[in-house]
Amino acid sequence: MRVLIQGIKGYWKDTILTPLFMLLEVAMEMMIPRLMQTLIDDGVNKGDLRHIYVVGGEMVVAAAIGLFAGLMGGKYGAYASAGLARNLRSQMFTKIQGYSFSNIDHFSSSSLITRLTTDVTNVQNAFQMVIRMGMRSPASMIVAMIMAFNLSHELSVIYLVAVIFLAIAVLGTMPITHKMFTAVFKRYDALNASVQENVRNIRVVKAYVREDYEREKFIQGTTEIYHSFIRVERIITMMMPLMMATVYTCILLISWNGAHFIIAGNLKVGSLMSLLTYCMNILMSLMMLAIMFVMIMMSTASMQRISEVMTEEPNIVNPENPVYDVENGDIVFEHVDFKYNQNAEDPVLKDVNLSIHSGEMIGIIGGTGSAKTSLVNLISRLYDVSSGSISVGGRDVREYDLKALRDQVSVVLQKNTLFSGTIYENLRWGNKDATDEQCQEACRLACADEFIDRMPDGYNTMIEQGGTNVSGGQRQRLCIARALMKNPKVLILDDSTSAVDTATDAKIRAAFKEKIPGTTKLIIAQRISSVKDADRIIVMHDGEINGIGTHEELLQSNEIYRDVYESQSGRGAADDFDHHKVA
Ligand SMILES: Nc1ncnc2c1ncn2[C@@H]1O[C@H](COP(=O)(O)OP(=O)(O)OP(=O)(O)O)[C@@H](O)[C@H]1O
Ligand SMILES: [Mg+2]
C-alpha cells in the first residue's frame, strides 16, 4: 500500500480528477431517465410540444456533459495509471541499482525483469479500473436505486432481490478465482523465466541442438497457462449469462408488474421506462464491480511482488563517514570466513589469512569451486565477509566509500560482458572523462590494440549487446582494458585471459609489470603458465589457502601445485598445444 502511494507521487491530480469526472458522468447518466420520464408523461402523453423541446434540449445537454465527463475521466485515468506504472518502474529500477550481489542472488535477474514489466502492467490496469470504476459503479448503483425507489417502491424490491442475488454469486466465486489467478501468474513467471533464459542463451541452445527440447518445454509451459486460464475464465464466463439472465428476469418482472400498475392507474408509462433504464444501470454497475474485483485480485499478487523488490534492504551500503582515498595497494585478510547464505552450514571461505604488498603480482590457482572468485570478490566489497576483516591500503574495506573503493580496486569479473555501444563507449565505463589517447593506451596494455586496429571502424566499432560480435579472447582483452581505464591501485583478473593465447597472455603480464608496477595485480587462472612468473602464487583448495609461494617454492612444497603443473606440462595438454601453435 505504501509502495502504491509512493507510486502515485506526481499524479495525485489525475488520480483525484478521474473519479470526480466519473461521478459527474454518473450524475448526467442518472438525470437522463428522469428527463425521459417527464418527456413522455408530461410532454408526449399531454401533447405539450414546448415541454418536449425544452426537456429534449436538456437531455442533449446532459448527454453532452456526460460524454465530456466520461472522456475526461478516461483521459485522466490513463494519465494517472500510466504515471503510476512509470513511477513504479523507475523506483524499482533505482532500487535495483542499489542492490548488492547477494540481493540480486536473492531474486534472480529474470524474476526482476518480470516484476519490472508484467507485474507493473497488471497493477497499472487494475489501478486504472479502480480509479475509473471504484467510485462510479457504487455511486451509479446507489443513485439509480434511490431514483427507482422514488418512482415506485413496490417495483424497486425486484432490484433489491436481484442485486443481493448477484452480489452473493460474485462474492462466492471470488476466493476461487483469486486462488486460480495466483496460480496462473506463478506459471506465467516460470514461462517468462524460461523465455528469457532461452533467448539470452540462444547460441548455446543451438550449439547443443536443444531447440526441440526447448520448444517442448515452452509449449508445455504455454499449455499449462492455457489450461489455467480456461479454468478461471470458465467461472468468469459463467457469471456473464447469469447476470444477463438476472437482468432479463428483472426487466420481465418489472414490465409485467409495471403493466398491471399502469392499468390500475398507479404508474405512468414514462416512469416505467425510466425504471427499466435504472434497472440496466444498476445491473451493469454491478457487473463492472465484479470485473473490477477480478482485476484487483489479479493485481494484488503483482503488487506483492513489486513491494518485495521495493522493500528489499540493500545489504552493502556506504558507511557514515566514508573514506574516499585508497592509500596504496596493500591487501590484508584476517581470519576471513565467508558464506553466501547466512543459513548455510559450511562457509565457502574458511579462516583465510593473507598479506599482499602494494605492487605485487599474485597468481591464484585452484580447482573449480575452490572459492577463488569468492576470495577476490570480497576485496572490492561485491560481497561482505561473514566474519574477520579485509583491509585495502591499511583500512577496512567497510570504511571506504563504495564507489571510491570500486574505482580503485578494479575487477574483471569471471562472467564479464560488454555493452551495446562503440569500443570507446565501453572503455569509458571505466572512466567517463578519459581521452581517446588514454583509451588507446589501456588497449595497448591489454594487447587489444592489435585487433581493434584491424577493425573497419577501429575504436568506433559498434559492439553488440553482450559483446557477441567479438571473439571470446577479444572480449576478455577489452574487459581488461576497461578495468585499466580506472588507473586502479588494485587490479583483479578473474580468469580473464582463459580465452587468450599463451603468448598474448604473457605479453599482457609483461606490460603490466613494466607499465603499472605500483598496481597490485591479482590474477586468477587455470593455466600454470599464466601465474608462473608472478611474485607469489596462492593455491586455493576447498575454500582454504593450501599454499603460498613462488613457482619454484610451490613445486617443491605443494602437492596440489605440482600435480597441476605436471598434468599441464604433459603431452597433449592444452598449454603444450598453445606453445607449439605460437612457435
Ligand atoms: N552466488 C553464489 N551463491 C551461492 N553459492 C555460490 C555463489 N557463487 C559461488 N558459490 C559457491 O561457492 C563455492 C566457491 O565458488 P567460486 O565461484 O568462488 O569458485 P571458483 O574457485 O571461482 O571456481 P571456478 O574456477 O569454477 O571459477 C562453490 O561451491 C559455489 O557453489
Ligand atoms: Mg571463479
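### Observations regarding the overall build of the protein chain
Next up, step 1: Check the secondary structure of the protein chain and you find 21 helices and 12 strands.
Next up, step 2: The C-alpha atoms of the protein chain give a radius of gyration of 36 Å, which is well past the 25 Å a tight globule of 583 residues would have.
Next up, step 3: In terms of principal-axis extent, the alpha carbons of the protein chain reach across some 115 × 50 × 45 Å.
Next up, step 4: In the protein chain, buried positions account for 35% of the 583 residues.
Next up, step 5: Long-range pairs, those at least 24 residues apart, make up 79% of the contacts in the protein chain between residues at least 6 apart in sequence.

### Quick look at the sheet that holds strand β1 (residues 331-338)
Next up, step 1: Spatially, the four strands line up as an open sheet ordered β2-β1-β4-β5, and their pairing is antiparallel. Bordering the open sheet on either side are β2 (349-356) and β5 (395-396), each of which pairs with just one other strand.
Next up, step 2: Inspection of the sheet shows strand β4 (residues 387-392) paired to β5 by two bridges, in the antiparallel sense. Among the inter-strand pairings, Val-392 is bridged to a residue of β5, identified as Arg-395.

### Examining the sheet that holds strand β9 (residues 490-494)
Next up, step 1: With mixed pairing, the six strands of this open sheet are ordered in space as β6-β9-β10-β3-β11-β12. Single-partner strands in this sheet number two, and they are β6 (409-412) and β12 (544-549). With strand direction ignored, the average angle separating the axes of adjacent strands in the sheet is 15°.
Next up, step 2: Relative to strand β11 (residues 536-541), strand β3 (residues 361-366) runs parallel, the two sharing five bridges. Along β11, the bridge assignment pairs Gly-366 with Met-540.
Next up, step 3: Packing against the sheet, helix α16 (residues 472-484) makes contact with β6 and β9, and its axis sits at approximately 170° to β6.

### A word on helix α14 (residues 436-445)
Next up, step 1: Buried within α14 are the following residues: Cys-439, Gln-440, Ala-442, Cys-443 and Leu-445.
Next up, step 2: Those residues of α14 hidden inside the fold are in contact with α13 (423-427), α15 (449-454), α16 and α17 (502-515).
Next up, step 3: Immediately beyond the C-terminal end of α14, within one or two residues, lies Cys-447, with a positive phi of roughly 55°.

### Examining the site of ligand 1
Next up, step 1: Around ligand 1, a shell composed of 13 residues is seen, among which Tyr-340, Thr-368, Lys-372, Thr-373 and Ser-374 lie nearest.
Next up, step 2: Tallying contributions element by element places helix α11 (residues 372-377) first for the shell around ligand 1, with three residues.
Next up, step 3: Of the residues in the shell around ligand 1, the class split is three nonpolar, seven polar and three charged.

### Quick look at the packing of helix α5 (residues 109-133) against helix α7 (residues 153-200)
Next up, step 1: Close contact between α5 and α7 brings their axes to 9 Å; oriented N to C, the two are set at 115°. Crossing of α5 over α7 shows right-handed handedness. Of α7, the residues touching α5 (which contributes Ser-110, Ser-111, Ile-113, Thr-114 and Thr-118) are Tyr-188, Asp-189, Asn-192, Ala-193, Gln-196 and Glu-197.
Next up, step 2: For the contact of α5 with α7, the class distribution of residues is three nonpolar, six polar and two charged.

### Concerning the packing of helix α2 (residues 12-44) against helix α10 (residues 269-311)
Next up, step 1: Contact geometry for α2 and α10: axes closest at 7 Å, N-to-C directions at 160°. Comparing their axes, α10 and α2 come out roughly antiparallel. For the pair α2 and α10, the sense of crossing is right-handed. Taking contact as the criterion, the partners of Glu-29, Pro-33, Arg-34, Met-36, Gln-37, Thr-38, Leu-39, Ile-40 and Asp-41 in α2 are, on α10, Val-269, Gly-270, Ser-271, Met-273, Ser-274, Thr-277, Tyr-278 and Asn-281.
Next up, step 2: By residue class, the composition of the contact of α2 with α10 is seven nonpolar, seven polar and three charged.

### Thoughts on unusual backbone geometry
Next up, step 1: Positive phi, normally seen in glycine, also occurs at Ala-371, with a value near 80°.
Next up, step 2: Within the element layout of this structure, Ala-371 appears in the loop between β3 and α11.
Next up, step 3: Its 22 C-beta neighbours within 10 Å are what place Ala-371 among the buried residues.
Next up, step 4: One non-glycine residue, Arg-381, lies in positive phi territory at about 60°.
Next up, step 5: Relative to the helices and strands, Arg-381 is located in the loop between α11 and β4.
Next up, step 6: For Arg-381, a count of 20 C-beta atoms within 10 Å gives the class buried.

### Some remarks on the domain arrangement of the protein chain
Next up, step 1: When cut into domains, the protein chain gives domain 1 (2-311) and domain 2 (331-413 + 490-582).
Next up, step 2: The C-alpha-based centres of domain 1 and domain 2 are spaced at 59 Å.

### Focus: α10
Next up, step 1: Over its 43 residues, α10 extends 61 Å from the first C-alpha to the last, a length consistent with the 63 Å expected when each residue adds 1.5 Å.
Next up, step 2: Maximum bend of α10: about 25°, positioned at Ser-299.

### Looking at the nonpolar core
Next up, step 1: Ile-379, Ala-442, Ala-446, Ile-480, Ala-481, Ile-492 and Ile-523 are the most contacted members of the largest nonpolar core, which has 67 residues in total.
Next up, step 2: Element by element, the count of residues in this core is highest for α16, at six residues.
Next up, step 3: In this structure, Ile-523 is in contact with Met-361, Ile-362, Gly-363, Ile-364, Leu-493, Ser-530, Val-531 and Ala-534, ignoring residues within four places of it in sequence.
Next up, step 4: Membership of the second largest hydrophobic core comes to 57 residues, among which are Phe-21, Met-92, Val-232 and Leu-267.

### Remarks on the environment of Tyr-208
Next up, step 1: You can see Tyr-208 is positioned in the loop between α8 (202-207) and α9 (211-264).
Next up, step 2: Sequence spacing of Tyr-208 and Gly-172 is 36 residues, and the spatial spacing of their C-alpha atoms is 51 Å.

### A word on the environment of Glu-360
Next up, step 1: Relative to the helices and strands, Glu-360 is located in the loop between β2 and β3.
Next up, step 2: For Glu-360, a count of 17 C-beta atoms within 10 Å translates into the label partly exposed.
Next up, step 3: For the pair Glu-360 and Gln-196, spaced 164 residues apart in sequence, the C-alpha separation works out to 42 Å.

### A few points about the pairing of β12
Next up, step 1: Sheet topology places β11 next to β12; five bridges connect them, and they run antiparallel. The residue bridging His-541 from the neighbouring strand is Glu-544, located in β12.
Next up, step 2: Between β11 and the antiparallel strand that follows it, β12, lie two residues; Asp-542 among them carries a positive phi value of about 55°.

Reading guide: rules and limits
Residues numbered from 1 in each chain as written. Chains lettered and ligands numbered in written order. Predicted model: local features only at pLDDT ≥ 70, side-chain atom pairs only at ≥ 80, totals over all residues. Helix = DSSP H or I, 4+ residues; strand = E, 2+ residues; numbered from the N terminus. Rg over C-alpha atoms; globule rule 2.2 N^0.38 Å. Buried ≥ 20, exposed ≤ 12 C-beta atoms within 10 Å, placed from the backbone. Contact = placed C-beta atoms within 7 Å. Pairing = 2+ DSSP bridges. Axes fitted to C-alpha atoms, helices over the stretch in contact; angles between N-to-C directions. Near = placed C-beta within 6 Å. Nonpolar A, V, L, I, M, F, W, Y, C, P; charged D, E, K, R; others polar. Left-handed = near helix turned anticlockwise from the far one by under 90°. Parallel < 35°, antiparallel > 145°, perpendicular 65-115°, else oblique. Domains from an automatic or database assignment. Expected span 1.5 Å × (residues − 1). Bend = angle between axes of the 7 residues up to and from the residue. Core = buried A, V, L, I, M, F, W, Y, C linked by C-beta atoms within 7 Å.

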